[in-house]
Amino acid sequence: MALKISKVAGDYYEAEVTPPHSTKPWKTPTPLRLRKLIDELESQGCHQTDIGDALNQIDPDWLSHLS
């Protein structure tokens with residue numbers, strides 16, 4: 001597993017990422033809103049393209065959930 005994102009209740013998401021997609025293994029401590037999740041993943045060293053690809057796999061309409 002490199003980057004796995006799961007949609008939980010409503011507009012909340014969880015993620016788990018390991019190198020090479022991040023600088024170190026990381027997992028969301030609690031479900032996060034999408035914008036916060038993307039910010040956290042980027043701070044862990046994830047590339048925007050990898051985040052977008054992972055989100056497209058679980059929800060092709062994910063852009064409409066950004067706030």
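For the structure itself, look to the data block above.
What counts and how
- Position numbers for residues count from 1 along each chain, tracking the sequence in the order it is written.
- Owing to the predicted nature of the model, reporting of local features is limited to residues with pLDDT of at least 70; listing and counting of side-chain atom pairs is limited to 80 or more, with chain, interface and lining totals taken over all residues.
- No hydrogens and no water enter the side-chain calculation; it runs on all heavy atoms of the structure.
- Note on definitions: salt bridges are taken to be side-chain nitrogens of Lys or Arg within 4 Å of carboxyl oxygens of Asp or Glu.
- Here a strand is any run of E in DSSP of at least two residues, a helix any run of H or I of at least four, and the numbering for each starts at the N terminus.
- Whether a residue is buried, partly exposed or exposed follows from its accessible area with a 1.4 Å probe, protein chains only, as a fraction of its type maximum: under 20%, in between, or over 50%, in that order.

1. Details of the pattern of salt bridges
Applying the stated criterion across every chain, the model contains three salt bridges. Ionic pairing is found between Asp59 and Lys7, a salt bridge with its closest N-O pair at 3.5 Å. Remark: Lys7 occurs in strand 1 (residues 3-7) and Asp59 occurs in the segment after helix 2 (48-58); sequence separation between them is 52 residues. Using a relative accessible area of 11% as the deciding quantity, one classes Asp59 as buried. Here Lys7 falls in the partly exposed class, since its relative accessible area comes to 36%.

2. Brief notes about unusual backbone geometry
For the peptide bond that leads from Pro19 to Pro20, omega is 15°, which places it in the cis range. When you line up the elements, Pro20 lands in the loop between strand 2 (12-17) and strand 3 (26-27).

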